[in-house]
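# Residue-level structural notes
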Amino acid sequence: MTVLDSRLPEEGAEVLLTDRGVSIAPVDDPGEGRGPSWLDDWLAANASEVVAWRRHLHAHPELSRHEFATTELIADVLRSAGLKPRILPGGTGLVCDVGSGPRCVALRADIDALPLPENTGAPYSSTVDGVAHACGHDAHTTVLLGAALALASATELPGRVRLVFQPAEEVMPGGALDVLAAGGLDGVERIFGLHCDPRLEVGRIGTRIGAITSASDMLELRLTSPGGHTSRPHLTADLVHALGTVITGLPGLLSRRVDPRSGTVLVWGAVHAGEAPNAVPQDGVLRGTLRTGDRDIWAELEPLIKELVGALLAPTGVGFDLHHRRGVPPVVNDRESTMLLRAGVEAALGEDALAGTEQSSGGEDFGWYLEHVPGSFARLGVWDGVGKQKDLHQPGFDLDERALLVGVRVMVHAALAALA
């Protein structure tokens, strides 16, 4: 297996060569010396390799359910450490256990990329047109791969750690369901995950008890009308007016039917109807996202939306077909698991590394795992603290690679804390 990397170190910088011949300048380890000794030793010997994995993954992104080369790379690296990965039935993503014993905790990373171009200008930029790791899944994968090999280097572990390299996080309802269907969490006590956060500085981990993300659904509303001339709207059903009624009316009605403390929000992202300015179109489409931070409200939204759309459109005379695509539940962090994760962060980096974090309105299919086992999901600081903060899901997103070593330490210590 060849790991590609064209980045040149700064002039005068010491250069390390990985066992695959990739030149990587040394990366500082913010948790250096905090132990255990086998973790310190592994990171000291392999930090440049960790960076090389991430740069290769970044340069060769793959879309959801097409992560074949990514899965092969992960499996090859795990096998090189004597581990036995099990590829999921769909051919992408895998699970792998490290250690032995009846107790088992899981660590998860998502591996897919986004259908976005990249404009970072980095020498390890995406080599695939229109596809980029703009959400940091290359970093998540690298962190878990590093944690896997570090754990495998330990003389003894207090139990088993299941590594979950999950495909298709970026598509609804998410590849977490593939993992669950394949028995990927069978026998697991609890699960932990990290996600890059460009608002947090490297060396800081944002944790939260309770909901940390929101449920996210997709709505598509198709309207139909006999159509007609705009000089005679009274003789037809004015489809564009009906679209406008839903665009402005549905979010307002929803705000009066749902507890405002739930963080429920409907935002339209696409609308299309007609071409000619003097013709009432016969069809139109409206698409948007519906999000809520409350698990119970999420379960009630589909029939409520249908009721409200029907009430808004009844006076207009247009026909409609509403497709409500349920997405992912909110990620609701268990208190005990979050306390264990915080203990792991303190052990890995010190108390000052802990940061609070707000609930986001973004969706994340890690929530499906927490419908089955307790766990906790945290935010990994990837901002260098100096430059501009580059947001996720943008063509210019990149990260400070010191965060990779931070992530390895946090994942390892979270597993150790949970198995103690």
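Residues numbered from 1 in each chain as written. Predicted model: local features only at pLDDT ≥ 70, side-chain atom pairs only at ≥ 80, totals over all residues. Heavy atoms only, no water.

## Re the environment of Leu301
Structurally, Leu301 can be placed in helix H6 (residues 295–313). Given the relative accessible area of 1%, Leu301 is considered buried. Setting aside chain neighbours within four positions, we find Leu301 in contact with Leu254, Val258, Thr264, Leu290, Thr292 and His324. (Helix = DSSP H or I, 4+ residues; strand = E, 2+ residues; numbered from the N terminus. Buried < 20%, exposed > 50% of the residue type's maximum accessible area, 1.4 Å probe, protein only. Contact = heavy atoms within 4.5 Å.)

## Some words on the pairing of strand E18 (residues 375–383)
Of all 9 residues that make up E18, 8 are buried, and the element is covered over most of its length. Bridge count for strand E7 (residues 191–201) against E18 is 8 bridges, and the pairing is parallel. Among the inter-strand pairings, Cys196 is bridged to a residue of E18, identified as Leu380. Alignment of strand E8 (residues 205–207) against E18, held across 2 bridges, turns out to be antiparallel. Within E18, the position partnered with Gly206 by the bridge is Arg379. (Pairing = 2+ DSSP bridges.)

## Some details on the packing of helix H2 (residues 68–80) against helix H3 (residues 137–152)
It is at 10 Å that the axes of H2 and H3 come closest, and there the two elements cross at 15°. Compared by their axis directions, H2 and H3 come out roughly parallel. Considering only the axes of H2 and H3, their crossing is right-handed. Of the residues in H3, those in contact with Leu73, Ile74, Val77 and Leu78 of H2 are Thr141, Leu145, Ala148 and Leu149. (Axes fitted to C-alpha atoms, helices over the stretch in contact; angles between N-to-C directions. Parallel < 35°, antiparallel > 145°, perpendicular 65-115°, else oblique. Left-handed = near helix turned anticlockwise from the far one by under 90°.)

## Focus on the sheet that holds strand E5 (residues 104–110)
Strand pairing in a sheet relies on backbone hydrogen bonds, with the paired strands running either antiparallel or parallel. Taken together, the 8 strands give an open sheet; going across it, the order is E3-E4-E6-E5-E7-E18-E8-E17, and neighbouring strands pair in mixed fashion. On the outer flanks of this sheet lie strand E3 (86–87) and strand E17 (354–356), each paired with one strand and no other. Examined bridge by bridge, E5 and strand E6 (residues 160–166) share 7 bridges and lie parallel to one another. Paired with Leu107 across the strands is Leu163, a residue of E6. Contacts between H2 and the sheet are confined to E3, strand E4 (94–98) and E6, with E4 contributing the most and set at about 15° to the helix.

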